Amino acid sequence: ALLEFRKAANRADRLAHDFTENRDDRGRVHAQFNTARAVTLRDSSEKPNYQNVTPELRQLIVPRWKTGRITHADQRGLEPRIIAHLTGCKVLIDIFRDPERAAKIYEILGSEVMGVKVTKHDAQGRKTSEYGCAKETILATNYNAVAFVLCQNIYSKLGLVIDEGKAQGWIDRYLRLC
């Protein structure tokens, strides 16, 4: 709980700094967007990073034009769908044929890859560390990451230390599925 609080406090401090330091003379904040900067080839934004803005703060963001509209699209399942299409992976394609299973892609693949039952939330409604590890393993493998990079991703995003041998085993099992 303390780690989650620290992460939330750091995120709030960063956003507050970005919002106050990057105002124009009319008090408006304009984010900088850059497609070429993101490793994953997605648009990245900074000053402030709108991808880290909570839904509550997002409601405070208004368009510059009176008739304008701001749209937020959550594309979490997009990468595995693209990988399924590009690779022709039968396991992924079968999962995406069923909308109920497609919504649980990381739980299903994570259970297969990690050898333990992966659930998204615990009894208190918090995301489980197994779910985070499964998601990081699948996404990192799709981007051709090595075990060392996977360990770094899991540590930086979840605060967990994973042995490189274990990470390599997860990568190997995921690749064997496809």
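Quick notes on the rules
Residue positions within a chain follow its written sequence, with the count starting from 1. Totals for whole chains, interfaces and linings use all residues, but because this is a predicted model, local features are given only for residues with pLDDT of at least 70 and pairs of side-chain atoms are given and counted only at 80 or more. Computation of side-chain values covers all heavy atoms of the structure but excludes hydrogens and water. Runs of E in the DSSP output that reach at least two residues are strands. Runs of H or I that reach at least four are helices, and both are numbered from the N terminus. Working rule for helices: expected span equals 1.5 Å times residues minus one. Burial classification: accessible surface area is computed with a 1.4 Å probe over protein chains only, and a residue below 20% of its type maximum counts as buried, one above 50% as exposed, and the rest as partly exposed. Contacts are residue-level and defined by heavy atoms, with any inter-residue pair within 4.5 Å sufficient. Paired rings are identified among Phe, Tyr and Trp, the last through its six-membered ring, by centres lying within 6.5 Å, and are further divided according to the angle between planes into stacked (under 30 degrees), edge-to-face (over 60) and tilted (the rest). We call a set of buried Ala, Val, Leu, Ile, Met, Phe, Trp, Tyr and Cys residues a nonpolar core when their side-chain atoms join them within 4.5 Å.

Q: What is the right way to look at helix 7 (residues 129-142) in this model?
A: Owing to its 3.6 residues per turn, the α-helix aligns residues three or four sequence positions apart on the same side. When the terminal C-alpha atoms of helix 7 are compared, their 20 Å separation across 14 residues agrees well with the 20 Å that a helix rising 1.5 Å per residue should span. Of all 14 residues making up helix 7, twelve are buried, and the element is well covered by its neighbours. Regarding helix 7, the residues found buried are Tyr-131, Gly-132, Cys-133, Ala-134, Lys-135, Glu-136, Thr-137, Ile-138, Leu-139, Ala-140, Thr-141 and Asn-142. Of the surrounding secondary structure, the elements contacted by the buried residues of helix 7 are helix 3 (78-87), helix 6 (105-114), helix 8 (147-158) and helix 9 (164-177).

Q: Please explain the packing of aromatic side chains as it appears in this structure.
A: By convention here, two paired aromatic rings are described through the distance between centres and the angle between planes. Summed over all chains, the structure comprises one aromatic pair. An angle of 90° between the planes, with centres 6.0 Å apart, marks the rings of Tyr-106 and Tyr-131 as edge-to-face. Here Tyr-106 is found in helix 6, whereas its partner Tyr-131 is found in helix 7, with 25 residues between them in sequence. Accessibility expressed as a relative area gives 6% for Tyr-131, which makes it buried.

Q: Please explain the nonpolar core as it appears in this structure.
A: Counting 29 residues, the largest nonpolar core has Leu-92 and Trp-170 as its most contacted members. Those elements that place two or more of their residues in this core are helix 3, helix 4 (90-97), helix 6, helix 7, helix 8 and helix 9. Residue contributions to this core peak at six residues, all from helix 7. Each residue touching Leu-92, except ones within four places of it in the same chain, is listed here: Pro-80, Ile-83, Ala-84, Ile-105, Leu-109, Tyr-174 and Cys-178.

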